[in-house]
Amino acid sequence: MVRFAANTRKGLPLLSVVGRLMLSCLACVPVATSVASSSAIPPQTLQSEIRKPDPEALLIEIYKDLGNNRLQEAQAKADALVAAYPHFRLGHLVRGDLLMMHARPVKGFGAMADAPADKLKDLRAEAMVRIKSLQERPNPNLIPKPVLQVGDDQKNVLVVDTSRSRLYVYENQGGQLRFITDYYVSQGRYGVNKSREGDQRTPIGVYYVNARIPGPKLPDFYGTGALPLNYPNEWDKRNGRSGSGIWLHGTPSDNFSRPPLSSDGCVVLANPDLQSLYSTAEVGKTVVVISDGIQFVNKAEWDKDRGSAGKFMDQWQQDMEATDADKVLANYSPAFRSNLGESLSTWFSRQQKSLNGARPSSVKVRDLSLYRYPGKDELIVSTFTQETAVGKNKNAIRKRQYWQKEGSRWKIVYEGAA
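Residues numbered from 1 in each chain as written. Predicted model: local features only at pLDDT ≥ 70, side-chain atom pairs only at ≥ 80, totals over all residues. Heavy atoms only, no water.

### Here we look at the environment of glutamate 61
Then, in step 1: For glutamate 61, the position within the fold is in helix H3 (residues 55-67).
Then, in step 2: Through-space distance from the C-alpha of glutamate 61 to that of alanine 78 is 9.4 Å; in sequence the pair is 17 residues apart. (Helix = DSSP H or I, 4+ residues; strand = E, 2+ residues; numbered from the N terminus.)

### Regarding the confidence of the model for the protein chain
Then, in step 1: Here the protein chain averages 85 in pLDDT, while 84% of its residues score no lower than 70.
Then, in step 2: Considering only residues more than four positions removed or in separate chains, one finds that residues 1-18, a stretch of pLDDT under 50, has 41 contacts.
Then, in step 3: Across residues 25-49, confidence stays below pLDDT 50; counting only partners more than four residues off in sequence or on other chains, it has 53 contacts. (pLDDT = per-residue confidence, 0-100. Contact = heavy atoms within 4.5 Å.)

### Looking at unusual backbone geometry
Then, in step 1: The omega torsion across tyrosine 231 and proline 232 is -5°, close enough to zero to call that bond cis.
Then, in step 2: Along the polypeptide, proline 232 turns up in the loop between strand S11 (225-228) and helix H7 (234-238).
Then, in step 3: A positive phi is found at asparagine 193, a non-glycine position, where the angle reads about 65°.
Then, in step 4: Tracing the chain through its elements places asparagine 193 in the loop between strand S8 (187-188) and strand S9 (205-208).
Then, in step 5: Not every positive phi belongs to a glycine, and aspartate 367 is a case in point at roughly 50°.
Then, in step 6: As for its placement among the helices and strands, aspartate 367 is situated in strand S17 (residues 362-372).
Then, in step 7: Since its relative accessible area comes to 16%, aspartate 367 is described here as buried. (Buried < 20%, exposed > 50% of the residue type's maximum accessible area, 1.4 Å probe, protein only.)

Put into structure tokens, the structure is as follows:
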């Protein structure tokens, strides 16, 4: 490990070397010239939380001060950091390093000789992820590729990039996505691609918030609240994935944050960040996309992808109104399976019997959302309200479809109530 030499003129550590080496070790990228706040707190949050500084912004400023020989300024910010967040263990470690720099050379990040090696490793990993993710913050003018179309009834979309330990919040503004903020998150102890109960992995997929559980109803371990997800979803079940209890939740009251890889599969946030999400999340509507690496595209590419996905939905809607059952079937894959495990022929026959020989006079789709499913499969999830008129009878049902690309065409491999 690199040993930081003292400045012989003033008896202090050579701060420019310390700062740059620490930044290089932690982030492997140059210092950013500015850092935007990553913990925007909505009006619902307590006034005391609004006044608190952004912990990640302060971390970046501390290392920038070190890189510019400003130990006193760095120390003052570290003091402010732990005062605002007394349970932020990473903040205390950074502050401890700074205090030691006043008296003697420091060997590296987390210089306490008697500190547990595993705890230091976790804190180093958290520091690296936090700083690097802020350095690599996506352009707010770009759009996450998995989000093709946001439903009119969806206020926001949450996008988790497990490769960056980051959650991005986007707001729906008349069908257009606007980047709001982002948060550091922890994930499964053994990474991603959950497949079975107890594997301590975080699932990859498109999920919906299906409940809101306030903190007082939970053990302290879950922090100020929880947003359970609908894992396993329809595609998970189709692929034999098991397990349950995948939530977005907070941290215990004695711990501001957790290491990047530390949960049993849940996505864990600091309590103030979780509370911000909790205040705006809507059961059955708020989507959480979890991917091991999010691509971001410009609006022109997004419009093109969204238009292509919209075409096959329009074709399905038109064929549903036609009197030719073969046209309807042409939208479905031979690999189709219902939630009961039925083949296409069995499922379709049951659907036809329910109509008693009548044909829909109109089929309308509203509140349509389209999400590209993360992973190697070319898969798109559509969720919408289908309004069907058969004679004088009208019916509305919330429905979900999974479309998979087969050759040059997209085909439905699953359809059921949402």
